[in-house]
Amino acid sequence: MTRGLILGGVALGAPAVINAVVARRAARLPRPRWGSTRHVELDGSRLAFVHIPRSRRDPAPPMVLLHTFGPGHTGLLWREAAERLARGHDCYVPDWLGWGDSERKARRYTAKVYIDVLDRFLEEVIGEPAVVVAPHRAAAYAVQVALDAPERVAALALVAPQGLGAEGRGDPVLHALLRAPLLGTSALNLVTGERALESHLRRETMFGAEGLGEEVVEAMYRASHLPGAGHALIDSLCGRLGHELEAGFGGKVQQPVWVAWGRQATHPALETADLWLQEMPKADLEVIGGCRNLPHVERPAKFAAALTAFIERQRFAA
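Residues numbered from 1 in each chain as written. Predicted model: local features only at pLDDT ≥ 70, side-chain atom pairs only at ≥ 80, totals over all residues. Heavy atoms only, no water.

Trainee: Please explain the nonpolar core as it appears in this structure.
Mentor: One broad rule of soluble globular proteins: the nonpolar side chains tend to lie buried together. Counting 53 residues, the largest nonpolar core has W96, Y114, L118, L122, Y141 and L156 as its most contacted members. The element contributing the most residues to this core is helix α4 (residues 111-126), with nine residues. Leave out the neighbours within four places in its chain, and L122 touches V64, G127, E128, A130, V132, V145, R152 and V153. Core analysis: the next-biggest nonpolar cluster, separate from the first, contains 38 residues, C91, V216, A219 and L307 among them. (Core = buried A, V, L, I, M, F, W, Y, C linked by side-chain atoms within 4.5 Å. Buried < 20%, exposed > 50% of the residue type's maximum accessible area, 1.4 Å probe, protein only. Helix = DSSP H or I, 4+ residues; strand = E, 2+ residues; numbered from the N terminus. Contact = heavy atoms within 4.5 Å.)

Trainee: Whenever I open this one, the pairing of strand β4 (residues 91-94) confuses me. Can you help?
Mentor: A regular strand carries its side chains on alternate faces of the sheet. Of the two faces of β4, both are covered, the one formed by C91 and V93 as well as the one formed by Y92 and P94. Sheet topology note: the strand β2 (residues 45-52)/β4 ladder contains four bridges and is antiparallel. Bridging across to β4, F49 finds its partner in P94. Here two bridges tie strand β3 (residues 63-65) to β4, and the two strands are oriented parallel to one another. Counterpart to M63 in the pairing with β4 is C91. (Pairing = 2+ DSSP bridges.)

Trainee: How should the sheet that holds strand β5 (residues 130-135) be read in this particular structure?
Mentor: In sheet architecture, strand pairing relies on hydrogen bonds along the backbone and comes in two forms, parallel and antiparallel. Taken in spatial order, the eight strands make up an open sheet running β1-β2-β4-β3-β5-β6-β7-β8, and their pairing is mixed. Looking along the sheet, the strands with just one partner apiece sit at the ends: β1 (36-42) and β8 (284-288). Strand-to-strand twist of the sheet, defined as the mean angle between neighbouring strand axes without regard to direction, takes the value 25°. On the sheet, helix α14 (residues 300-312) packs against β3, β5, β6 (153-159), β7 (257-262) and β8 and is oriented at approximately 160° with respect to β7. (Axes fitted to C-alpha atoms, helices over the stretch in contact; angles between N-to-C directions.)

So, in structure tokens, the structure goes:
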């Protein structure tokens, strides 16, 4: 479906003219007006993150909030939930390498790259066991780090997680198309255009772009057109960022696990939660009504309250 949309759309227009117009409109991302923006070098790559210090002094583990992979997705999507969670926790919201304000090198982006980045971020920036809050594909990365370096993870909060089945090795034809200099740029401009972003948000959320606000939607548009932003997005669109967890991993997870799902979720659907609970029968499941695939974005107050309550029930929060 994605390949057909791209091929059909590119054939209709004048790619060079359209690409020039888009390039002129694109600009640097505005500095976030929440928390403090910082950068860290991890294995020679610059990672950007927002830090929001907790407002209460009660002892509680820090939280690392990971964003989803999609056109224009950055840590900004966590803003409202993060500001609520920061009442009791130091919150760290990174932009993945290749996304947002982080370095966007021309390289191959894979699950292993991001698993290593998360591991290093937890070790070098956080420096103590953290609650890792991870949606969709990022959930499998968080679980893998919890298995490989359990001392870095205090608890897992998985949001509509993926990782129990292989995504495949990607679509080589689509990948070649998107990497083509002129045609690929035109194709990405179609996927990241205003109408395409609005359609994407209608599929992901119950309320679409209107519910996020013009500031967030504009930031998503700009983020998807920053120099180098297409490299990681191409690997995402081609299915190269999926990580399949080994069978029986649940019995090896030592940390408390909280799983959140939107009641009207479409990918993955709520029914998929049963597979995760079979792997981790002690995990807590929170179903949040009135939202689809991004409950932390669609219902930030409910999401933050439910996650906070779960963390407060754990011994380390006492």
